[in-house]
Amino acid sequence: MRPRWAIVILSVFALVVAACTSSDGTENGGDGTGVTGVTGGEPVTLTLWAFEGEEAFFPTLKERFEADHPNITLEITEIPEDNYATKVDTALAAGRPPDMGLTYEQRWFKAGAVLPLDDLIEAKSIDLTTYNQNAMSGCRFEDHVYCLGSYTGAVLLFYNKELFDAAGVPYPSATEPMTIDEFATVAAQVSQPNQDLAKRVWGTVGEAPFWWSDPITHFSEDGRTTQGYMNDAPTAHLYDVMSGLVRDGYAPTGSEFELLGTEDLLSAGQVAMAISDNLVAIDALETNGIDWGAAPVPIESSGAPVYVASWTDQVGVFASSEHAQEAKEFVAFLGTVGNELRIEVADQLPLDSATPGAETWAAESEGRAEVMEAVALAREAVFVPGFWDVTSPLWDSYDAMVAGDMTPQEALDDAAPVVQDNLDQAWETWEAIS
Amino acid sequence: MTEPAAARGHGQRPRRTRAARREERAGFLFASPWLIGTLVFLIGPIVASMLLSFTNWNLISDAKWEGLQNYRDMFGDRDFRQSIKVTLFYAILAVPLFQVAGIALATLLNLRLRGMYLFRTILFLPAVLSGVAVAVLWAQMLNPDLGIVNQILRAIGIDDPPRWLQSPSWAVPAVVLMGLWGVGSGAIIYLAGLQNIPPALYQAAKIDGARTWRTFWHITLPLLTPTLLFTLLIGVIGAFQVFDVAYILGGSRGGTRGALLFYVLNMWNEGFRNGRFGYASALAWVLVVVAAIVIILIFRTSSRWVYYESEGDR
């Protein structure tokens, strides 16, 4: 009887374990057939985790890559952006990440969870000098490159040319940023006050400067100090001008903005200028038939360097991939052919400005040409670990300034120790990664 | 007396038959998926989280033992203090209010009026809506400039209505106000309690000349106390666990000046945003201990204020 009972218990245990295992039966990028680590023409399945919303791009990318690499099947899993880092973190902890993913968290590079691509870049002779350097900052760590991308997302100043013409104000330059004071003057000039909210035209949207301005306005060059930077006189002036635009009615209040949304206001012709990202703004402006232009965001004061915050899809290869060579091959494909497909399929700006077709994309309109010019000014950024969490108290500080509860200097002085504490904690967490 | 008989006389269990043993084994066998699941997915993580609370672990590097450091760090943690303040404020405001509102509503729903079933259904409807949808809806209604709540307040002469979710002092009351909208689910539980009260007691009170308030105070409320104990426990536990509404209305930073930084939201932030899983585990254990103390206190005091009808028969 005993052996029979042992078999029954083992069977039950096996059933439970099977029930608790991944339903697709795959492991570490395996194809479910038990065949792993196959190269040289053997069938290989690569897994890629990415954000949702690439309905046009992904199917073509997969089709073209598989056509070029007949032995490789690409499986793309779309994951909501909010949960993405958590999902990758837990997959890494469980030892089951995909072969490739969007590597937005540089701590994954430091932890050795992502493979460097230097050998691939050299072998494929990929010239990174024509890639957007600010976006590529997110792919670099300790002189190594860990990821490549296919598009450029960039924070720029978009404006409505008709509203500028109506006010008789010259268009902003695509290469020379306005100072914050010049920006405020223009915003006041192009505003069209009206008691009827639906007919009002605001000069701009009073966005909190910390998310679009050069991080050097808020942090030291090594990214370790914020006190004395985020609350120095020029930065306080930056906040004073932006919050003043809201208080003076040249920019919508937070609640008006929250309900209506920047792109809606800009594309509806109710805002003359807005600091926004090219991926959303261009689509909204063109769909609504607005004659638009683009320029770099304003700078703190005359002589300050131009800054264009940029990003890309940052696809890298996870170190535990059993098909690392094939996965690197895919990243190289994305970083080269993928850039061409971005233009062809998604009508978006590629990461590499030298991509064939980029000039054609820019020639579609003056606005697009200006986007190309402005984006070309992007340069490497200061690294601040956990930037969004570190700077989160500044949202409240900015609200207090806009509401007139505190002066910008008071609000920034009040927030500086908190942001510095957050920064110290973020560096401590960063340094604990090994 | 033979020895086995003596042993039986001293309380030893009688020897089980083979059939009884087989039945016992079969019982364990059928329960084993659940037992294994509990061990692997409940007890295992609980023990792991206890151990992790003594470590510095960021999920992607090896955990480093730090002893009680995480617990010591809480004393100097601004967000920890804020999250305790917010959670306690909410619990003190929401739990009694929801109880009173629930009982009041249930009392009204217990009246014999035409169309009462329709009223009950309508009042229960918010309870079946998704919490996320409700939060998004209320966020728009409570918009300080354009939301319908402040438009009504302005229309009735309140020139400077609260800024609700954008105000550090009004954000928690705004969440409580939203919670009141869903009080119908609690009222249904009270309604079940009310309908279990024997009508004979009300008839006797009526004969004795008791008025409505005395009847409520001396009959309805005492006989509702077991239900009240249940909803109080659920309410307190729920107040300690607020997350989704706070996250949707205030984002991960917990709204304006951390006004909605509830304890569980802060715990989630520390783990999943700041990558401090050891510290987040320590926060979880502090919550468990505090919740356990509060629940034990409620149970200990319940003998003084909870009346079970069967006690009257003793």
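Up top you'll find the structure we're talking about.
Computed from a predicted model, the values in this text were never measured in an experiment.

Let's talk about the interface of chain B and chain A
Of the residues lining the interface, 23 residues belong to chain B; the matching set on chain A comes to 26 residues. The leading source of residues in the side of chain B that touches chain A is helix H2 (residues 18-52) of chain B, at 5 residues.

Things to note about the environment of Leu349(A)
Residue and element names in this part refer to chain A. Here Leu349 lies in the loop between helix H13 (324-346) and helix H14 (358-363). For Leu349, a count of 27 C-beta atoms within 10 Å translates into the label buried. Leu349 has contacts with Tyr151, Thr152, Asn278, Trp361, Val371 and Val375, leaving out every residue within four places of it along the chain.

Quick look at helix H18 (residues 408-432) of chain A
All names here are of chain A. For H18, built from 25 residues, the straight-helix expectation of 36 Å at 1.5 Å per residue is met to within 8% by its first-to-last C-alpha distance of 35 Å. At Ala416, H18 is bent by approximately 35 degrees, the largest bend along its length, and proline Pro417 sits one to four residues beyond. Within H18, the full set of buried residues consists of Pro408, Ala411, Leu412, Ala415, Ala416, Val419, Asn422, Leu423, Gln425 and Ala426. Buried positions along H18 lie against helix H9 (233-247), helix H16 (387-390) and helix H17 (393-403).

A word on the sheet that holds strand S1 (residues 44-51) of chain A
The strands that make up a sheet pair up through hydrogen bonds in the backbone, lying either parallel or antiparallel. All names here are of chain A. Spatially, the 4 strands line up as an open sheet ordered S2-S1-S3-S10, and their pairing is mixed. Unpaired on one side and paired on the other, strand S2 (72-79) and strand S10 (315-317) mark the two borders of the sheet. Along the sheet, successive strands turn relative to each other by an average axial angle of 20 degrees, direction set aside. Bridge count between S1 and strand S3 (residues 100-102): 2 bridges; the pairing is parallel.

Points about the nonpolar core
Generally speaking, nonpolar side chains in soluble globular proteins are found buried as a group. One finds Leu156(A), Phe158(A) and Val331(A) to be the most contacted residues of the largest nonpolar core, which totals 164 residues. Once residues lying within four places of it in the same chain are set aside, the contact partners of Val331(A) are Met100(A), Leu117(A), Leu120(A), Leu148(A), Val315(A), Gly316(A) and Val317(A).

Parameters at a glance
For every chain, the first residue of its written sequence is number 1, and the numbers climb from 1 along that sequence. Chain letters and ligand numbers both follow the written order, the letters beginning at A and the numbers at 1. The model is predicted, so local features are restricted to residues of pLDDT at least 70 and side-chain atom pairs to those at 80 or more, both for listing and for counting; the totals for chains, interfaces and linings are taken over all residues. This entry defines residue contacts through backbone-placed C-beta atoms, with two residues in contact when those atoms are within 7 Å. By the criteria applied, helices consist of DSSP H or I runs no shorter than four residues and strands consist of E runs no shorter than two, each listed in order from the N terminus. Residue burial is a threshold on neighbouring C-beta atoms within 10 Å of the residue's own C-beta, all placed from the backbone, with 20 or more meaning buried, 12 or fewer meaning exposed, and counts in between meaning partly exposed. Helix span, expected: 1.5 Å multiplied by one less than the number of residues in the helix. To get the bend at any residue, fit one axis to the seven residues that end at it and another to the seven that begin at it, then take the angle between the two axes. Between any two strands, pairing holds if DSSP finds at least two bridges. Between the N-to-C directions of two axes lies an angle of 0 to 180 degrees, each axis being a line fitted to C-alpha atoms and, for a helix, fitted only over the stretch in contact. Think of a nonpolar core as buried Ala, Val, Leu, Ile, Met, Phe, Trp, Tyr and Cys residues, each tied to the set through C-beta atoms within 7 Å.

Shape is all these values report; function is a separate question.
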